[in-house]
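So you can see what is in the structure, the chains are spelled out below.
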Amino acid sequence: MFTSIIVVKSIECVWGETRSETVKMGGAVSAGEDNDELIDNLKQAQYIRSDLVEQAFRAIDRADYYLEEFRDSAYKDLAWRHGNIHLSAPCIYSEVMEALDLQPGLSFLNLGSGTGYLSTMVGLILGPFGVNHGVELHQDVIEYAYQKLEFFIKTSDSFDRFEFCEPCFVIGNCLEIAPESGQYDRVYCGAGVQREQEDYMKNLLKVGGILVLPLEEKLTKITRTGYNSWETKKIIAVSFAPLVLPKHRDNSKSKAVPLPTMFEVRTLQDLARISIRLTLKKTVAGPGPLPRRRLAHSGERFRRRRAQHRGSTLLSNRYVFMSRLIPGPMDNNNNRSGTDTEEEQEDEEVEEGNCRVLGDPEEEEEEERREGGALLHEAPVNLLRERILGLPLPEPLKMYLLHYREK
């Protein structure tokens, strides 16, 4: 892992009216081999600071929201865009999730909801009694988001590990939300907001609520402390494509965007399922921090990463953004000063081991497990699922308790 963080400026590419690309200039953290390593890097750089946010990030594989041909880039700290489909850089999502200060049972509105990646992570924290709405400008992106949501519900163990607040997406321009729509506890806007649009965004918020948005080149957190009082905090420098202004033809008013119903009465079956699951979770420790998954051939990757790390050169012109990480002492050649650390000595031993004559494949595999296993653990067991499947209940009821359903 790097001991310093290099940030010039976070540049985001967000849906806009034109197709001109705004490219993020460099990642804030080093790239990972998989989702867990990406999260480790975000934690080391202090972009992820709370357990709730860490659990949500580990529960959802970022690569699942990429098109198949672009999955190799999923664990880089970079924004990604293909046509109208867009994902912000992981460090941006981390800052947004932390700034929103999410809690179970809150209402959340995502303006420019895109692929649904952020909304799905938020839903893991809001729980079964929260509200999770999104507004997206492009129909094809909404279809893509629902495809990814369905894939998550049907295939992910995390769906059973957490009590999920399923997001609901509507198409439309987020600057045309119907005036009679309710206000939310938390609001995020994923496109650049101008000063003249700030009051419109604030009015979407309840008293005590939090609004996070890119405002004049700064990711900004606005807390509504009273009916006409606000607290504003600048987080990091960013550059987002601006919000798309509504199009009006022949001076006619465009159709307002209706948001989904804020709260719906739950069925007795749903309430019973939630209660039973919560009772079972108390006996199986609940959704604690998810362990790292063990990778195939992790030992080889571990050795290769360590060798690459020793050969890498840190840039001399570096900027430590907001003093998040203090770089270690450096000499004039951009190498760490002082004697070799235990880690460097271990690196040398690993490199010497790579020069040995290949022996028994089983012994090599065992050695890989010893080297890579120090950092990576076996895939977690879904204890709640195992408990439910072991109950003396009819199979349809077991499946219902596991949230299983065909849409």
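Please read all numbers here as calculations on a predicted model, not as lab measurements.

(A) Layout of the overall build of the chain. A tally of regular secondary structure across the chain gives 13 helices and 10 strands. The proportion of buried residues among the 407 residues of the chain is 48%. Across the chain, the fraction of contacts at a sequence separation of at least 24, relative to all contacts at a separation of at least 6, is 69%. Summed over all atoms, the accessible surface of the chain reaches about 20,900 Å², with 52% contributed by carbon and sulfur.

(B) Region of interest: the nonpolar core. Phe57 and Met97 are the most contacted members of the largest nonpolar core, which has 55 residues in total. At the level of secondary structure, the elements contributing two or more residues to this core comprise helix H1 (35-44), helix H2 (51-59), strand S3 (85-87), helix H3 (90-100), helix H4 (117-126), helix H5 (139-155), strand S8 (205-215) and strand S10 (229-239). Contacts of Met97, omitting those with residues within four sequence positions, involve Val53, Ala56, Phe57, Leu102, Leu118, Met121, Val122 and Ile125. Grouped together as the second largest cluster of nonpolar side chains are 24 residues, Ile177, Val193, Leu205 and Val257 included.

(C) Fine view of the packing of aromatic side chains. Enumeration over the complete set of coordinates arrives at eight aromatic pairs. When the centroid spacing of 5.7 Å and the interplanar angle of 50° are considered together, the rings of Phe70 and Trp80 count as tilted. With Phe70 in the loop between H2 and strand S2 (80-82) and Trp80 in strand S2, this residue pair connects regions lying 10 residues apart in the sequence. The class of Phe70 is partly exposed, set by a relative accessible area of 28%.

(D) Fine view of H4. With 10 of its 10 residues buried, H4 lies for the most part within the structure. What H4 keeps buried is the set Tyr117, Leu118, Ser119, Thr120, Met121, Val122, Gly123, Leu124, Ile125 and Leu126. Positive backbone phi, approximately 80°, marks Gly127, located one or two places after H4.

(E) Geometry of unusual backbone geometry. A positive phi angle, close to 65°, is found at Gln46, a residue other than glycine. Tracing the chain through its elements places Gln46 in the loop between H1 and H2. Classification of Gln46 by relative accessible area gives partly exposed; the value is 39%. A positive phi angle, close to 50°, is found at Glu216, a residue other than glycine. Mapped onto the elements of the fold, Glu216 is located in the loop between S8 and strand S9 (218-226).

(F) Structural detail: the packing of H1 against H2. Close contact between H1 and H2 brings their axes to 9 Å; oriented N to C, the two are set at 155°. One way to sum up the angle between H1 and H2 is to call them roughly antiparallel. Considering the relative orientation of H1 and H2, their crossing is right-handed. Mapping the contact onto sequence places Asn35, Asp36, Ile39, Asp40 and Lys43 in H1 and Glu54, Phe57 and Arg58 in H2.

(G) Spatial organisation of the confidence of the model for the chain. Mean pLDDT over the chain: 77, with 67% of residues reaching 70 or higher. Taken together, the stretch residues 294-300 has pLDDT below 50 and engages in 18 contacts with residues farther than four places along the chain or on a different chain.

Parameters and conventions
- Residues numbered from 1 in each chain as written.
- Predicted model: local features only at pLDDT ≥ 70, side-chain atom pairs only at ≥ 80, totals over all residues.
- Heavy atoms only, no water.
- Helix = DSSP H or I, 4+ residues; strand = E, 2+ residues; numbered from the N terminus.
- Buried < 20%, exposed > 50% of the residue type's maximum accessible area, 1.4 Å probe, protein only.
- Contact = heavy atoms within 4.5 Å.
- Areas by Shrake-Rupley, 256 points an atom, 1.4 Å probe, with all protein chains shown as cover.
- Core = buried A, V, L, I, M, F, W, Y, C linked by side-chain atoms within 4.5 Å.
- Phe/Tyr/Trp six-rings, centres within 6.5 Å; stacked < 30°, edge-to-face > 60°.
- Axes fitted to C-alpha atoms, helices over the stretch in contact; angles between N-to-C directions.
- Parallel < 35°, antiparallel > 145°, perpendicular 65-115°, else oblique.
- Left-handed = near helix turned anticlockwise from the far one by under 90°.
- pLDDT = per-residue confidence, 0-100.

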